[in-house]
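Structural description and commentary
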Amino acid sequence: MYVIIVGAGDIGTPLIDIATRSGNEVVVIERDEQRASRITSEYDCLVLNTDATTKGALIDAGADRADALISTTNQDATNIMVCLLATELELPGVVSVVHNPDHMGIFEWIGVNTIENPQRLIAEYLYRAVKRPTIVDYMRVGEHAEVFEIDVGSDAPIADKTLQEAGDSGLLGDDILIVAIDREGEGEPITPRGNTRIDTSDRLTVYSGSGATPEITDVFGHYEDHAASNFSTATELISNSFTNV
């Protein structure tokens, strides 16, 4: 793809790294001279040291042939202006970081795909790592549901059972689905069926309508989440106490 990335800060730089390593043609617009110079020396991409909030800058960056523009600056006002210009120039894909949730409606009105405050997302992810240490990775779906990855422990109640047997014995509720199985020795993830047997050390991708609660992680042999949950609750209470002082 031909991608225009606006901003080479804490968010833009990793994005530039990923996009260039993936073989995309990347143009970076960065107003800060030092940042622009650093990106020029470290990455295989064209860097324009200019203000992206002018139509001329986007035209110089090749907006007429770009597949996407991603605005990553730390100012919502700048990102909004860049996105307005990008939509006016009819770029096929326009994506932006949004730092203040109150501004989300403006981006939606423009018709821009958004990533909400990345700092908050990181904070939530780190907090989740403390609260549910057994979860390898997760994604929230709506208010309560989650998709998460978890390894099957040696003493897991679900180990050595088929999905059908696990369901019949009440280990998997109606709102729990095992979506994929990553098994050592298998080249590709296994798409589970009713007769698929769960092995110890399998890494499962699980959907849970009520989230990855300690009661659910128990099924996969991870009982330590109960202690971690109590610790995180205590941490919240202490934090709130200091906040209210």
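Here's what I pulled together on the structure shown here. This structure is a prediction, so every number in the text was calculated from the model and none was measured. (Residues numbered from 1 in each chain as written. Predicted model: local features only at pLDDT ≥ 70, side-chain atom pairs only at ≥ 80, totals over all residues. Heavy atoms only, no water.)

1. Overview of the overall build of the chain
To be explicit about the condition: Runs of H or I in DSSP of at least four residues are treated as helices and runs of E of at least two as strands, each being numbered from the N terminus. Three exposure classes are used, based on accessible area relative to the maximum for each residue type with a 1.4 Å probe and protein chains only: buried under 20%, partly exposed in between, and exposed over 50%. We get accessible surface area from the Shrake-Rupley algorithm with a probe of 1.4 Å; when it comes to residues, only the shown protein chains can shield them.
Looking only at helices and strands, the chain features 9 helices and 10 strands. Relative to its full complement of 245 residues, the chain shows a buried share of 42%. By element, 51% of the accessible surface of the chain is carried by carbon and sulfur atoms, the whole surface being about 13600 Å².

2. Focus on helix α1 (residues 12-21)
Under the convention used in this document: Each direction from the helix axis to a C-beta atom contributes to the arc, which is the arc of those directions. Here a residue-residue contact requires only that any non-hydrogen atoms of the pair lie within 4.5 Å.
All of the buried residues in α1 are G12, T13, I16, A19 and T20. Looking straight down α1, one finds that the buried residues subtend no more than 125° of arc, so they occupy a single side. The elements touched by buried residues of α1 are β1 (2-6), β2 (25-29) and α2 (33-42). Positioned one or two residues after α1, G23 has a phi angle of 85°, which is positive.

3. Side note on unusual backbone geometry
Excluding glycine, residues mostly carry a negative phi; peptide bonds, for their part, are mostly trans. The phi torsion at E90 lies on the positive side, around 65°, for a residue other than glycine. Tracing the sequence through the fold places E90 in the loop between α4 (76-88) and β5 (93-98).

4. Points about the environment of D76
The line we're drawing: For this analysis, a polar contact is any N or O atom pair within 3.5 Å, provided that within protein one partner can donate a hydrogen and the other can accept it, and provided that sequence-adjacent residues contribute only side-chain to side-chain pairs.
Within the fold, D76 resides in helix α4. For the pair formed by D76 and V97, sequence separation is 21 residues and the distance between their alpha carbons is 7.8 Å. In this structure D76 touches V97, V98, H99, N100, H103 and F107, once residues within four positions along its chain are discounted. Side chain to side chain, D76 and H103 meet in a polar contact 2.8 Å long.

5. Describing the nonpolar core
If you look at soluble globular proteins, the nonpolar side chains tend to sit buried side by side. Put simply, the rule reads: Working definition of a nonpolar core: buried Ala, Val, Leu, Ile, Met, Phe, Trp, Tyr and Cys residues. They are joined through side-chain atoms within 4.5 Å.
In terms of nonpolar packing, the biggest core is built from 24 residues, with I4, V6, I29, L69, L91 and V94 touching the most fellow members. Looking at this core, the elements that each hand over two or more residues are β1, β2, α4, β5 and α5 (104-110). With 5 residues, the top contributor of residues to this core is α4. If near-sequence neighbours (up to four positions away) are discounted, I29 is found in contact with I4, I5, V6, G7, L48, T50, D51, A52, A57, L58 and A61. Counting residues in hydrophobic clusters, the runner-up holds 21 residues, among them I158, I198, V206 and F220.

6. Some details on α4
The test is simple: Given the number of residues in a helix, its expected span is that number minus one, multiplied by 1.5 Å.
Between the first and last C-alpha of α4 there are 18 Å, a value that for 13 residues agrees with the 18 Å anticipated at 1.5 Å per step. Of the residues making up α4, those classed as buried are D76, N79, I80, V82, C83, L85 and A86. In the core, the buried residues of α4 are packed alongside β1, α3 (55-60), β4 (68-71), β5 and α5. Looking one or two places after α4, you find E90, whose phi comes out positive at around 65°.

7. A look at the side chain of N79
Tracing the backbone shows N79 in helix α4. Taking relative accessible area as the criterion, N79 reaches 0% and is therefore assigned buried. Aside from chain neighbours lying at most four places away, what touches N79 is S71, T72, T73, S96, V97, H99 and F107.

8. Re the pairing of strand β10 (residues 203-208)
Looking along a regular strand, one sees side chains alternate from face to face of the sheet. Operational definition: Note on pairing: DSSP must find at least two bridges between two strands before they are called paired.
Here strand β8 (residues 145-151) runs beside β10; their pairing, made up of 6 bridges, is antiparallel. Along β10, the bridge assignment pairs I150 with L204. Both strand β9 (residues 176-182) and β10 contribute to a ladder of 6 bridges, which runs antiparallel. What sits directly across from D182, in β10, is R203.

9. Observations concerning the side chain of H222
Of note, H222 is situated in the loop between α8 (214-219) and α9 (225-244). Reaching out from H222, the side chain makes a polar contact with the backbone oxygen of D151 at a distance of 2.5 Å.

10. Digging into the pattern of salt bridges
Pairs may arise between side chains of opposite charge once their charged atoms sit close together. Cut-off, in case you're wondering: The rule for a salt bridge is simple: a side-chain nitrogen of Lys or Arg has to be within 4 Å of a carboxyl oxygen of Asp or Glu.
Within the structure shown, the criterion is met by 7 salt bridges. A salt bridge links E25 to R65; its shortest N-O distance comes to 3.4 Å. Separated by 40 residues along the polypeptide, E25 in strand β2 and R65 in the loop between α3 and β4 bring together distant segments of the chain. For E25, a relative accessible area of 41% gives the class partly exposed. As a salt-bridge pair, R183 and D199 come within 3.4 Å of each other at their nearest N and O atoms. Note that R183 is positioned in the loop between β9 and β10 and D199 in the loop between β9 and β10, a separation of 16 residues in sequence. The exposure class assigned to R183 is buried, which follows from its relative accessible area of 17%. On the basis of relative accessibility, which here comes to 28%, the residue D199 falls in the partly exposed class.

Spatial relationships are all this shows, so hold off on functional conclusions.
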